[in-house]
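Here is what each chain is made of, one letter per residue.
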Amino acid sequence: MKAYNLHSVGALCYEDVLMPQCESGWAIVKVKAAGICSSDISRVFTKGTYHFPTIPGHEFSGIVESVADAQDSKWIGKHVGVFPLIPCRKCRPCADKHYEMCENYDYIGSRRDGAFAEYVAVPVWNLIEIPQDLPFEVAAMLEPFSV
């Protein structure tokens, strides 16, 4: 698939990369729209990311292409927005449902590959179904709207 892959600060390359893997509890989303956040700009041009290469992009929407587990098959074909923070769901803040305070979180687009690609791997838990008539460009703004 094609993606914008950040190899180092200032080195964002549009290139062929491997399709993301879909592990148990996860889905593959075909990206239809992605926003460019100010944090994406600083990651690309000044501060970098947690590791290289990384595909940036955490404000996005799309269509669920596939899922790893049969019990999640109802998601296939759904239009979705995505909550990009991946909490561990094991630490004390997570137990209290304060996921934004997670002590061991992961994050789509900075700690793991994100949505500046044709496809992105997403935990099913992070999917937010959106109406079929909601424009993908609008749905991609769910994350900044919630902040």
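Refer to the structure presented above.
Residues numbered from 1 in each chain as written. Predicted model: local features only at pLDDT ≥ 70, side-chain atom pairs only at ≥ 80, totals over all residues. Heavy atoms only, no water.

Visitor: I would appreciate a short explanation of the overall build of the chain in the present structure.
Guide: The helix and strand inventory of the chain stands at 4 helices and 9 strands. Mapped in sequence order, the helices and strands of the chain form the string β-β-β-α-β-β-β-α-β-β-β-α-α. Compactness check: the chain gives a C-alpha radius of gyration of 15 Å against a globular reference of 15 Å for 147 residues, within 12% of the reference. If one aligns the C-alpha atoms of the chain with their principal axes, the spans along those axes are about 40 × 35 × 30 Å. In the chain, the share of contacts with a sequence separation of at least 24, taken over all contacts with a separation of at least 6, comes to 69%. (Helix = DSSP H or I, 4+ residues; strand = E, 2+ residues; numbered from the N terminus. Rg over C-alpha atoms; globule rule 2.2 N^0.38 Å. Contact = heavy atoms within 4.5 Å.)

Visitor: Even after reading the chapter, I still don't get unusual backbone geometry, so can you show me in this structure?
Guide: Among all residues except glycine, the phi angle is most often negative; among peptide bonds, the trans geometry is most common. The amide bond that connects F52 to the next residue, P53, takes the cis arrangement and shows omega of -10°. Mapped onto the secondary structure, P53 falls in the loop between α1 (38-47) and β4 (60-67). The phi dihedral of R89 is positive, around 60°, even though this residue is not glycine. Among the residues examined, R89 registers a relative accessible area of 47% and is labelled partly exposed. Although it is not a glycine, K97 sits at a positive phi angle of roughly 65°. (Buried < 20%, exposed > 50% of the residue type's maximum accessible area, 1.4 Å probe, protein only.)

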